[in-house]
Amino acid sequence: MKLKPNAYQHLTVKELKPAGWLREQLRIQADGLCGNLDKIWPDIRDSRWIGGPCEGWERVPCWLDGFLPLAYLLDDPDLKSRAKRYIDEILARQQWDGWICPCSDEERRQYDIWPAFLMCKVLVLYYECTDDERIEEVVARTLRQMLDHLMLYPLHGWAAARWFECLIPAYWLYERRPESWLRQLISFLSSTGFDYEQMTQRYDYTRPAESKYWRFPLHVVNMAMALKSPVLAARFTGKEESNRQARRIQELLFAEHGTGIGHFTGDECLSGTSPIQGTELCGIAEAMYSYECLFEMTGDPHWADSLELLAFNSLPAAFLPDMWTHQYVQQVNQVECSIQKEEDVPFNSNNGEAHIFGLEPHYGCCTANHGQAFPKFALSAVMRSEQGIAV
């Protein structure tokens, strides 16, 4: 069977070179936090992904997801060399059976394999930057082993909430080698991961999610990612009306949790329409990527408008101008950045430091993940269509 074709085809860094304002933003990012995390932050500098003792789950893949296209869009020899060092180390540590994540054999049964999805996406991105002939086989071995793993240890945690992200590298590989085991993997992921279409019909999304109501389906980053899930799944199933379903999910989020900056609130989980609740920077970055994917797959200009609204209004406010510090939670029209006493914290789930600027306010996920937003925005600015170039 063939995958449903996309309306547009994205270009690669070999075909695109940003200029003007956008190149300046990328240069600032390269000179700021994202471009230097491998020098200063133990979770990247000394990660288990490259043989160190520090965090070995999502932070290196999240960082590479932005750092890689940044390096190649700028065609910066130093950045490219540092990116290659990480890729080489990761490839060298892949296990004999294809397992790619840095954990012991004993840890596998409890391991949340979300980073494996993300690392496969990163490797595909690296291939598009470099044509590195090692990548296709590494991704194939990783995904083939993943299928075996999931037969013994079903999806759980973040992987169950973000299963559709694995469709991106799986589709990339399937278009090169349409093998039956890949169809099995795609079907297995689709049938065992969270069904956001059903959840948005059955869950009560109208109530702000206080800590005691913390749920994966209510998490702001999961929802930002899930915006593209109906259309991604439909590339395999051929299901009609998937774009309408994606727009319905967005409309629901905006109606119950929307703000004036073109995004929905979420200090961890969805938080209502009050502007003081704020929204997580990861959610902004992931919503931008969802809109990019949705525009590429459907050609619906609604998604391009949604993307620009975030890129020009919400994203820049989450950084200081030199991009060395960022917020975990951005509040609309925020007038003060000071640590809040516990009794004064306005957030449902986050602490009183979540809205200040720093290296790692509250959690470090946004420290690692914020870097994908502007480079992927640059990669989505121009696409190829049957009629020619689409801007």
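It should be noted that the structure appears before, not after, this text.
On a predicted model such as this, the values are computed, not experimentally measured, just so you know.

Peer 1: For this particular structure, what's the right way to read a nonpolar patch on the surface?
Peer 2: There is a patch of nonpolar side chains on the surface, built from Ile40, Trp324 and Leu359 and spanning about 240 Å² of accessible area. Along the chain, Ile40 turns up in helix α2 (residues 37-40). Looking at Ile40, the relative accessible area reads 39%, which means it is partly exposed.

Peer 1: In this structure, what is going on with the side chain of Asn36? I would like to understand it.
Peer 2: Here Asn36 is to be found in the loop between α1 (20-31) and α2. With sequence-adjacent residues up to four places away left out, Asn36 is seen in contact with Ala30, Asp31, Arg82 and Trp324.

Peer 1: What should I look at first to understand the side chain of Glu280 in this one?
Peer 2: For Glu280, the location among the structural elements is in strand β2 (residues 279-280). Within the buried set, Glu280 has no salt-bridge partner at all; the shortest N-O distance to an opposite charge, 6.7 Å, is to Arg162. Separated by 3.3 Å, the side chains of Glu280 and Tyr328 make a polar contact. Residues contacting Glu280, with those up to four places away along its chain left out, are His219, Val220, Val221, Gly266, Glu268, Tyr328, Val329, Cys365 and Cys366.

Peer 1: Which parts of the structure should I look at to understand the sheet that holds strand β4 (residues 383-385)?
Peer 2: Sheets are built from strands that pair by backbone hydrogen bonding, the pairs being arranged parallel or antiparallel. Read across the open sheet, the three strands follow the order β1-β4-β5; overall the sheet is antiparallel. Sheet topology places β1 (9-10) and β5 (388-390) at the edges, where each strand pairs with a single neighbour. Where β1 lies against β4, two bridges are found, and the strand directions are antiparallel. Looking across to β4, one finds that Gln9 is bridged to Arg384.

Peer 1: Is there a simple way to think about unusual backbone geometry in this case?
Peer 2: Most peptide bonds take the trans form, and the phi angle of most residues other than glycine is negative. Positive phi is not limited to glycine here, since Asp131 has a value of about 60°. When you line up the elements, Asp131 lands in the loop between α6 (114-130) and α7 (135-152). When its relative accessible area of 43% is taken as the criterion, Asp131 is described as partly exposed. Positive phi, normally seen in glycine, also occurs at Asn333, with a value near 55°. By the element assignment, Asn333 lies in the loop between β3 (329-330) and α17 (365-369).

Peer 1: So what exactly am I meant to see when it comes to the packing of aromatic side chains here?
Peer 2: The description of an aromatic ring pair uses the distance of the two centres, along with the angle that the planes make with each other. Overall, the coordinates contain 17 aromatic pairs when judged by the stated rule. Here Trp63 and Tyr86 contribute two aromatic rings whose centre-to-centre distance is 5.0 Å and whose plane-to-plane angle is 65°, an arrangement assigned as edge-to-face. Of this pair, Trp63 sits in helix α4 (residues 59-74) while Tyr86 sits in helix α5 (residues 77-92), placing them 23 residues apart in sequence. Each of the two residues, Trp63 as well as Tyr86, counts as buried.

Peer 1: Explanation requested: the environment of Ala160 in the structure shown.
Peer 2: Within the element layout of this structure, Ala160 appears in helix α8 (residues 157-161). With sequence-adjacent residues up to four places away left out, Ala160 is seen in contact with Leu155, Gly193 and Phe194.

Peer 1: I keep staring at helix α13 (residues 229-237) and nothing clicks. Help me out?
Peer 2: Since the α-helix packs 3.6 residues into each turn, any two residues three or four apart lie on the same face. With eight of its nine residues buried, α13 lies for the most part within the structure. Taken together, the buried positions of α13 are Ser229, Pro230, Val231, Leu232, Ala233, Ala234, Arg235 and Phe236. Just past α13, the residue Gly238 takes up positive phi, approximately 75°.

Peer 1: Just checking my understanding: could you explain the environment of Phe164 for this structure?
Peer 2: Among the structural elements, Phe164 can be located in the loop between α8 and α9 (167-174). With 215 residues separating them along the chain, Phe164 and Leu379 place their C-alpha atoms 21 Å apart.

Peer 1: Even after reading the chapter, I still don't get the pattern of salt bridges, so can you show me in this structure?
Peer 2: It is possible for side chains of opposite charge to pair when their charged atoms get near one another. Throughout the structure, instances matching the rule amount to 28 salt bridges. The salt bridge partner of Asp300 is Arg247, with a shortest N-O separation of 3.0 Å. Here Asp300 is found in the loop between α15 (281-298) and α16 (301-314), whereas its partner Arg247 is found in helix α14 (residues 242-257), with 53 residues between them in sequence.

Peer 1: Any chance you could explain α1 here in plain terms?
Peer 2: Between its terminal C-alpha atoms α1 stretches 17 Å, which fits the 16 Å expected from 12 residues at 1.5 Å a residue. Buried-residue contacts for α1 involve α4, α5 and α18 (373-380).

Procedures and definitions
Residues numbered from 1 in each chain as written. Predicted model: local features only at pLDDT ≥ 70, side-chain atom pairs only at ≥ 80, totals over all residues. Heavy atoms only, no water. Patch = residues over 30% accessible without salt bridge, like charges linked within 9 Å, V, L, I, M, F, W, Y side chains within 5 Å. Areas by Shrake-Rupley, 256 points an atom, 1.4 Å probe, with all protein chains shown as cover. Salt bridge = Lys/Arg side-chain N within 4 Å of Asp/Glu carboxyl O. Helix = DSSP H or I, 4+ residues; strand = E, 2+ residues; numbered from the N terminus. Buried < 20%, exposed > 50% of the residue type's maximum accessible area, 1.4 Å probe, protein only. Contact = heavy atoms within 4.5 Å. Lys, Arg positive; Asp, Glu negative; His and termini not counted. Polar contact = N/O pair within 3.5 Å; in protein donor to acceptor, adjacent residues only side chain to side chain. Pairing = 2+ DSSP bridges. Phe/Tyr/Trp six-rings, centres within 6.5 Å; stacked < 30°, edge-to-face > 60°. Expected span 1.5 Å × (residues − 1).

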